[in-house]
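What the coordinates show
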Amino acid sequence: MIPHTSHYWLKNAHVPASLMLQSRDRPSSLAVQDQLRLVDVEIMNGAIARIIPVRTLTAFDHPVVDLQGGMVFPCFVDMHTHLDKGHLWERAPNLTGTFADGLETIRQDAEQWNIEDVYRRMEFGVKCSYAHGTKAIRTHLDSGGALAEVTLEAFRVLRDRWADRVILQAVCLVSLEDFLTPQGEKLADQIAEMGGVLGGFASMNPEIEHQIDRTLAIAQDRTLDLDLHVDENNNPNSICLKIVAETALRQQLQQQIVCGHCCSLAVQPAEESTKTIALVKQANIGIVSLPMCNLYLQDRQPGKTPHWRGITLLHELKQAGVPVAIASDNCRDPFHSFGDHDALEVFSLSAKIAHLDRPYEDWCRAITSTPADLMGLPTVGRIDVGLTADLVLFKARRYSELLSRSQHDRVVLRNGIAIDTTLPNYAELDDLQTGHH
Ligand SMILES: Nc1ccnc(=O)[nH]1
């Protein structure tokens, strides 16, 4: 379908207005309900050369692909994953599906992790992600004790081998109390050396204020951005997000903070959550929600029907001007039995879980330009003249069509060239599923 030439046109493309800077002054050509613009896009030498309203040109002097109104997205950004844990469900299933058993199952399995095992499972995840149209991925890496040697090294090799296809960012994942110890300081140094992001798991305990204070100070010292797991529970007394925001304001922290999960915000009284959201906005914190994993883990009690959806206050945060992203989180591991690293599936399910369809507005930014900005990648996740032609082309012409099918026949362009979107075969990992146990 895409011509083998470096100069061609994509004609009749429906592009979300909010993903194009230059779209703002042209409301007349929007497909109003879904806020899409119908445009012709000129691709030249791997980049976007021109974007013009349809029927501006009557003749084209280069090959033309007529998309017939199909939607075009920029390549996706998946900003919260756990590639190191991925694809070990068969050897480490979570038999109750609870968060506590997820933690314990991983703790046991990780005793046997080595670089090859972690590398191959991580690369499997990256292959899926790339084939689905993702261009940038941030992964947390379990880094407690000796694990850091394994996960950080496997990550470095993966990042370098995939550098021409996927931008990979690493975040360490330890309990925040580790940052009160010399080992935590050493980990922060390693993260700084590899250009990573400082992360950890915050949960309520008598020392939490001190732990958060120290973690933020360590990041400030090394000019590291932060990406924390906070309040991944349904306990209204879990207020780590609020403490992070207050601490950042008090320290006048300059680094970008992202907080993931923030589930308990949704079960707090409105006067509490409103105050916290205002602090989050003031502290310039970005929020990433993990709707698929939290739907799986939250409110799980064996034999009982779940009552709540596990997501944070996506709408209220966004209305307050807080950058809100959504991401995959865990795939086929003890924290989430499913998942294929498909950002479109994340968006599609999130639209249904969180009602991102009333209206669709600019929610498409939550898997594209918003996480790109939070990851410090201002040219990724949008469609504009001069940017690389990294695009995902769908047959679907409207959101109702886009979000009703898996879109497995999508075309992914990287540098204007269609890539092979074949997914890796699960059998590639068979020898790892039995090797340890
Ligand atoms: N949701 C999660 C929490 C902590 N660790 C994970 O891998 N996933």
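Let me sum up the structure you'll find in this document. Keep in mind the model is a prediction, meaning the values are calculated, not measured.

Here the focus is the packing of helix 5 (residues 208-221) against helix 6 (residues 240-251). Contact pair helix 5 / helix 6: the axes reach a minimum separation of 10 Å and the direction vectors enclose 50 degrees. One finds that helix 5 runs oblique with respect to helix 6. Both helix 5 and helix 6 take part in a crossing whose hand is right-handed. For the pair helix 5 and helix 6, contact is made by Ile-208, Glu-209, Ile-212, Asp-213, Leu-216, Ala-217 and Gln-220 and by Cys-240, Ile-243, Val-244, Thr-247, Ala-248, Arg-250 and Gln-251, respectively. Across the contact of helix 5 with helix 6, the residue classes break down as eight nonpolar, three polar and three charged.

In this section: the packing of aromatic side chains. Scanning all chains against the criterion turns up eleven aromatic pairs. Aromatic side chains Phe-73 and Phe-76 sit 6.1 Å apart centroid to centroid with 55 degrees between the ring planes, which places their arrangement in the tilted category. Neither Phe-73 nor Phe-76 differs from the other in exposure class; each is buried. Ring geometry for Phe-99 and Phe-335: centres 5.5 Å apart, planes at 65 degrees, overall edge-to-face. With Phe-99 in helix 1 (residues 99-110) and Phe-335 in the loop between strand 14 (324-326) and helix 10 (343-354), the pair connects residues that are 236 residues apart, well separated along the chain. Here the two residues Phe-99 and Phe-335 agree in accessibility, since each one is buried. Lying across the ring of Trp-363, Lys-318 places its NZ or CZ 4.6 Å from the centre.

This part covers unusual backbone geometry. Positive phi, close to 60 degrees, is recorded for Asn-12, a residue that is not glycine. For Asn-12, the location among the structural elements is in strand 1 (residues 7-16). Here the phi dihedral of Asp-329 falls at roughly 65 degrees; this positive angle occurs in a residue that is not glycine. Here Asp-329 is to be found in the loop between strand 14 and helix 10.

Moving on, we come to the site of the ligand. The full set of residues close to the ligand is His-82, Lys-85, Phe-99, Phe-201, His-229, Glu-232, His-261, Cys-293, Asp-329, Asn-330 and Phe-335. His-82 is positioned with one of its side-chain polar atoms (N or O) 3.2 Å from an oxygen atom of the ligand. Note that an oxygen atom of the ligand is positioned 2.8 Å from one of the side-chain N or O atoms of Asn-330. Calculation on the ligand without its partners gives an accessible area of 240 Å², and the protein chains cover 98% of this total. Looking at the shell around the ligand residue by residue, the class counts come to four nonpolar, four polar and three charged.

Most often, soluble globular proteins keep nonpolar side chains buried together rather than apart. Counting 101 residues, the largest nonpolar core has Phe-73 and Tyr-399 as its most contacted members. Two domains share this core, each providing at least three of its residues, namely domain 1 (7-74 + 382-418) and domain 2 (76-374). Look past the residues within four positions of Tyr-399 in its chain and what remains in contact with it is Pro-16, Asp-34, Leu-36, Met-71, Phe-73, Phe-347, Tyr-360 and Cys-364.

Glancing now at the environment of Lys-395. For Lys-395, the location among the structural elements is in the loop between strand 15 (391-393) and helix 12 (399-402). For Lys-395, a relative accessible area of 60% gives the class exposed. Sequence separation between Lys-395 and Gly-69 is 326 residues, and the spatial gap between their C-alpha atoms is 7.9 Å. Among residues more than four places away in sequence, those in contact with Lys-395 are Gly-70, Glu-401, Gln-407 and Asp-409. Polar side-chain contacts of Lys-395 include one of 3.0 Å to the side chain of Asp-409.

Rules behind the numbers
- Residues numbered from 1 in each chain as written.
- Predicted model: local features only at pLDDT ≥ 70, side-chain atom pairs only at ≥ 80, totals over all residues.
- Heavy atoms only, no water.
- Axes fitted to C-alpha atoms, helices over the stretch in contact; angles between N-to-C directions.
- Helix = DSSP H or I, 4+ residues; strand = E, 2+ residues; numbered from the N terminus.
- Parallel < 35°, antiparallel > 145°, perpendicular 65-115°, else oblique.
- Left-handed = near helix turned anticlockwise from the far one by under 90°.
- Contact = heavy atoms within 4.5 Å.
- Nonpolar A, V, L, I, M, F, W, Y, C, P; charged D, E, K, R; others polar.
- Phe/Tyr/Trp six-rings, centres within 6.5 Å; stacked < 30°, edge-to-face > 60°.
- Buried < 20%, exposed > 50% of the residue type's maximum accessible area, 1.4 Å probe, protein only.
- Lys NZ or Arg CZ within 6 Å of the ring centre and 35° of its normal.
- Near = heavy atom within 4 Å.
- Polar contact = N/O pair within 3.5 Å; in protein donor to acceptor, adjacent residues only side chain to side chain.
- Areas by Shrake-Rupley, 256 points an atom, 1.4 Å probe, with all protein chains shown as cover.
- Core = buried A, V, L, I, M, F, W, Y, C linked by side-chain atoms within 4.5 Å.
- Domains from an automatic or database assignment.

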